[in-house]
Amino acid sequence: MSGSRLEREVLPGGTVMNTVHGDEPGPTLALLGGVHGDEDEGVLAVWRILQELETTALRGTVRAVAPANPAAWAARSRTTPYDDGDLARSFPGDRDGQPTETLADGITDRTIQGADLLIDLHSAGLRYSMPLFCGVARDQEDALRAAVAFGAPMIWLHESWPPGRSLTAAMECGVPAIYAECGGGGGVRLDHLDAYVTGVLSVMAQLGMLTESPRVRPSPRWVAGSGDLDAGVRSSYSGLFVVSATAGEVVPEDGEVGRLYGYRGELLEVLRAARSGVVMFLRRQAQVRPGDVLFVMAVRSEGP
Ligand SMILES: [Zn+2]
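1. Regarding the overall build of the protein chain
Right, on to step 1. If you tally the helices and strands in the protein chain, you get six helices and 18 strands.
Right, on to step 2. Its C-alpha atoms give the protein chain a radius of gyration of 19 Å, within 12% of the compact-globule value 19 Å for 304 residues.
Right, on to step 3. Projected onto its principal axes, the C-alpha positions of the protein chain cover 65 × 45 × 30 Å.
Right, on to step 4. Buried residues in the protein chain amount to 49% of all 304 residues.
Right, on to step 5. The long-range fraction of contacts in the protein chain, counting pairs at least 24 apart against all pairs at least 6 apart in sequence, stands at 66%.

Given below as structure tokens:
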């Protein structure tokens, strides 16, 4: 039997927050899915978690917003169609700003502020491939514990968060935060979806919000690096990007990640790893223009 109770509230900017109140006091978890509109994995995972909580005893409160950017999600677009805003570059937001900034402000103010943990469920979206992993700031102990409890096979350690992310807003509010990424490509893999659902429930168990203890999982692989897609390796040409590596693959220093061909079939460039590491973002779409991000790598790490 569940003693939890669901409330729905429209936030400034027009998205809906689902608040599940447990029958006992406890921590507050903020949960975001679909911050980018072309990422269905987090949206469906949040819906499945809300359904799970209908029949599960809960301590504390879950605040869930998915899709976090409904207009972008309806358009299957990374950004908001009417102001071209990227919600994941708009936090903490501005109540009187552009629509995407208003949306960010509502989520910061009503969902993130005052929570004990934020989990932001992303994925590679239409344009990229990514391995299943959880990302966390190296110096946030509570967040590191949550990242391990999430149970993804790989954890990416970051030194800091770039501006505009939900995690940056959380850090500024003193809220520990983690994010997750997986496959992308416009389809959803069941193993990735299940990993998101069980990952969040395992974190909730670790926080004492659920009575069941988390599943025992194998030790994660650790990687480190900035994790900023905007700082990835970019194309210098117009042409076709052909991948040699796969997302999650370990590539040695100087190993080939992909190659660029021109529109007459001529080889323009072989793109190689500047140093040994793991391919974390890899572009799916072959046609590229100068400046398009092709891939992002992380270096292997011993852990925090
Ligand atoms: Zn995303």
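2. Structural notes on the domain arrangement of the protein chain
Right, on to step 1. Examined at the domain level, the protein chain breaks down into domain 1 (5-224) and domain 2 (232-301).
Right, on to step 2. Here the C-alpha centroids of domain 1 and domain 2 sit 28 Å apart.
Right, on to step 3. Per element, the largest residue contribution to the side of domain 1 that touches domain 2 is three residues, and it comes from strand S10 (residues 221-224).
Right, on to step 4. When its residues are assigned to classes, the side of domain 1 that touches domain 2 shows nine nonpolar, two polar and one charged.

3. As for the sheet that holds strand S17 (residues 287-288)
Right, on to step 1. The antiparallel open sheet is built from four strands, whose spatial order is S15-S14-S12-S17. Of all the strands in the sheet, the pair left with one neighbour each is strand S15 (267-272) and S17.
Right, on to step 2. Pairing of strand S12 (residues 239-243) with S17, which is carried by two bridges, proceeds in the antiparallel orientation. Following the sheet pairing, Gly-239 is matched in S17 by Val-288.

4. Focus: the environment of Trp-161
Right, on to step 1. The topology assignment puts Trp-161 in the loop between strand S8 (154-158) and helix H5 (166-172).
Right, on to step 2. A residue is classified by how many C-beta atoms lie within 10 Å of it, and Trp-161, with 22 of them, is buried.
Right, on to step 3. Distance in space between the C-alpha atoms of Trp-161 and Met-171 is 8.7 Å, their sequence separation being 10 residues.
Right, on to step 4. Ignoring sequence-local partners within four residues, the contact set of Trp-161 consists of Ala-137, Leu-167, Thr-168 and Met-171.

5. So, helix H6 (residues 190-206)
Right, on to step 1. An ideal rise of 1.5 Å per residue puts 24 Å on 17 residues; H6 measures up with 24 Å between its terminal C-alpha atoms.
Right, on to step 2. By the burial criterion, the buried members of H6 are His-192, Ala-195, Tyr-196, Gly-199, Val-200, Leu-201, Ser-202, Val-203 and Met-204.
Right, on to step 3. Count one or two residues on from H6 and you reach Gly-208, which has phi positive near 85°.

6. Some remarks on the nonpolar core
Right, on to step 1. In this structure, Leu-29, Leu-118, Ile-178 and Val-279 are the most contacted members of the largest nonpolar core, which totals 90 residues.
Right, on to step 2. Two domains each put at least three residues into this core: domain 1 (5-224) and domain 2 (232-301).
Right, on to step 3. Every residue in contact with Val-279, bar those within four places of it in the chain, is listed here: Ala-245, Ala-247, Gly-248, Glu-249, Val-251, Val-257, Phe-295 and Met-297.

Procedures and definitions
Residues numbered from 1 in each chain as written. Predicted model: local features only at pLDDT ≥ 70, side-chain atom pairs only at ≥ 80, totals over all residues. Helix = DSSP H or I, 4+ residues; strand = E, 2+ residues; numbered from the N terminus. Rg over C-alpha atoms; globule rule 2.2 N^0.38 Å. Buried ≥ 20, exposed ≤ 12 C-beta atoms within 10 Å, placed from the backbone. Contact = placed C-beta atoms within 7 Å. Domains from an automatic or database assignment. Nonpolar A, V, L, I, M, F, W, Y, C, P; charged D, E, K, R; others polar. Pairing = 2+ DSSP bridges. Expected span 1.5 Å × (residues − 1). Core = buried A, V, L, I, M, F, W, Y, C linked by C-beta atoms within 7 Å.

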